[in-house]
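Overview (structure and organization)
Chain by chain, the residues run as shown.
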Amino acid sequence: MQQKIIILDFGSQTTQLIGRRVRELDTFCEILPYNKFPKDDPSVIGVILSGSPYSVHDPEAFKVDLSQFVGRLPVLGICYGAQFISHTLGGKVEKADSREYGRAHLETINLDNPLFKGFEKGSQVWMSHGDTITAIPDGFERIASTADVKYAAYASTQQPVWAVQFHPEVFHTVQGTQLLRNFVVDICGSRQDWSAASFVDTTVRELKEQIGNDRVILGLSGGVDSSVAAVLLNKAIGKNLTCIFVDHGMLRKNEFTQVMEDYKVLGLNVIGVDASQKFFGDLAGVTDPEQKRKIIGRDFVEVFNAEAKKITDARWLAQGTIYPDRIESLNITGKVIKSHHNVGGLPKEMNLQLCEPLKWLFKDEVRRVGRQMGMPEHLITRHPFPGPGLAVRILGDITPEKVRVLQDADDIYIRALREWGLYDQIWQAGAILLSTVRSVGVMGDERTYEHPVALRAVTSTDAMTADWAHLPYDFMAKVSNEIINKVRGVNRVCYDISSKPPATIEWE
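Description of the structure in this document. Just so it is clear, the model here is predicted, and its values are computed rather than measured. (Residues numbered from 1 in each chain as written. Predicted model: local features only at pLDDT ≥ 70, side-chain atom pairs only at ≥ 80, totals over all residues. Heavy atoms only, no water.)

1. Topic: the side chain of Ser 435
Here Ser 435 shows up in the loop between β16 (428-433) and β17 (439-443). Beyond its immediate chain neighbours, meaning those up to four positions away, Ser 435 contacts Ile 394, Leu 395, Gly 396, Asp 397, Lys 402 and His 451. (Helix = DSSP H or I, 4+ residues; strand = E, 2+ residues; numbered from the N terminus. Contact = heavy atoms within 4.5 Å.)

Right, dumping it as structure tokens:
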């Protein structure tokens, strides 16, 4: 039986980071809504309560019945989770005199407590809360404090319950991984046997049981997620998988042909559909980014559904949805950040059940799974590319000519990244056409009034946070000159130096 840690999500922006840190300890975990704790699941070895945007005193604050797991399983509360445990069990949580945010140092630590094994006195932690614990419940003891936070960490003297008011999952908590290791491995007893190999074995077995002899249709995008999902399903059900690759006309230059060749090498049964005219027609005059995404998502379903109906015995639709897609589309507070083309359920008329074999994986984990299955490296290391394609990298309305301009500029940029040995150092890169802006330029003796192109390149591990890539000046000069000289319609090149947050990776 595969062990797992349950992370109950109270809406924190860093909940997914807790999951990543646990996975890095070779331990499987599931991030579930705060009110969805799985009862009577013998595979659960521990519970982590996340932070939250709420105060425990807010009327709308998320609440959970602690008796479901306290006393039965080891529990770690983080930030709001720590305050909720104290507040619920008889301690006191009050508004702090000032918001406790940023770096702090643990001035006192109980190094005999198993949660702090291997810690150094003065260890740096990261605080982010407006309330603070002013009293802990009976049967608990303080195990760490900072200059401003008396109960930076506390623990039960009677049950396996620990709580910290700082965030061990973030980079700025220097020994945060050590704390999580102490909890997950030493306290919860993880065997640390979750890996890409075990994921493949387990998922293939589960897919065989779930699908049986049914036929499955998978919508391919050309990206690493849907490609890995296809190979995984092919491994499980073979000829019962049919893949459909829809070309909406906004892929990268020559991408449709190249990707179809890649899939042929992988032995996948793929149907290619050129629907570019329909997409361009329906997008004509549309400038709002969210509307673009919705139109492309709607048209994709229509085109895909028309093709899928030809496979009359299909029972399942498979998608390459991964965890960050689901996090960004709808977090627990119900606020949409942006729509994703492969999230949100299926139209009723499709009459298909949904299969998402990668839905709990982060991008780097998907790549490890692909390598485990022997997929070609150029497919595994391919940068993420948005489902709506270049439509969300063209500011303003979409036309075939604008797409042509951006395809040419983007092709120069991506080829140069590969030639300079920079491609694999970057998480995601692409060009953006600022078609709502014109700038004055000079070419030869003539004045030009054309569009700027912005180049974007970021480094990341999971796309939840990202920093702009510090590309060499010589490289950027060469790319800029080549784009301006070779791509008609562009007379200026800029470089985006925004990080995520506050910016997103894509411009729309």
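2. Points about the environment of Thr 146
Among the structural elements, Thr 146 can be located in the loop between β8 (140-145) and β9 (153-156). Separated by 41 residues in sequence, Thr 146 and His 105 have C-alpha atoms that sit 5.7 Å apart. Excluding residues within four positions of it along the chain, Thr 146 makes contact with Ala 104, His 105, Leu 106, Glu 107, Met 127 and Ala 152.

3. Looking at helix α1 (residues 15-24)
For α1, the buried fraction is high: 9 of the 10 residues fall into the buried class. With its phi angle positive at about 55 degrees, Asp 26 sits one or two positions after the end of α1. (Buried < 20%, exposed > 50% of the residue type's maximum accessible area, 1.4 Å probe, protein only.)

4. Notes on the packing of helix α7 (residues 276-283) against helix α8 (residues 289-308)
Look at α7 against α8: their axes get within 10 Å of each other, and the N-to-C directions meet at 145 degrees. For the pair α7 and α8, the crossing hand works out as right-handed. Contacts from Lys 278, Phe 279, Asp 282 and Leu 283 of α7 reach α8 at Lys 292, Ile 295, Ile 296, Arg 298, Asp 299, Phe 300, Glu 302 and Val 303. Within the contact of α7 with α8, the residues separate by chemical class into 6 nonpolar, no polar and 6 charged. (Axes fitted to C-alpha atoms, helices over the stretch in contact; angles between N-to-C directions. Left-handed = near helix turned anticlockwise from the far one by under 90°. Nonpolar A, V, L, I, M, F, W, Y, C, P; charged D, E, K, R; others polar.)

5. Quick word on the pairing of strand β13 (residues 270-274)
With 5 bridges connecting them, strand β12 (residues 241-247) and β13 associate as parallel partners. Bridging from a neighbouring strand, Cys 243 pairs with Val 270 of β13. Read as a crossover between parallel neighbours, the route from β12 over helix α6 (residues 255-265) to β13 is right-handed. (Pairing = 2+ DSSP bridges. Right-handed = clockwise from strand over helix to strand, strands pointing away.)

6. Focus on the sheet that holds strand β10 (residues 161-164)
With mixed pairing, the 8 strands of this open sheet are ordered in space as β2-β1-β3-β4-β10-β9-β8-β6. Bordering the open sheet on either side are β2 (29-33) and β6 (108-109), each of which pairs with just one other strand. Those strands touched by helix α2 (residues 80-88) are β3 (44-49), β4 (75-78), β9 and β10, and its axis lies near 110 degrees from that of β4.

7. Topic: the side chain of Glu 169
Mapped onto the elements, Glu 169 comes out in the loop between β10 and α3 (176-187). Salt bridges are absent for the buried Glu 169, whose nearest opposite-charge side chain, Arg 21, sits at 7.7 Å. A polar side-chain atom of Glu 169 sits 2.7 Å from a polar atom in the side chain of Thr 14. Polar side-chain contacts of Glu 169 include one of 2.8 Å to the side chain of His 167. Ignoring sequence-local partners within four residues, the contact set of Glu 169 consists of Thr 14, Leu 17, Ile 18, Arg 21, Ile 78 and Leu 180. (Lys, Arg positive; Asp, Glu negative; His and termini not counted. Salt bridge = Lys/Arg side-chain N within 4 Å of Asp/Glu carboxyl O. Polar contact = N/O pair within 3.5 Å; in protein donor to acceptor, adjacent residues only side chain to side chain.)

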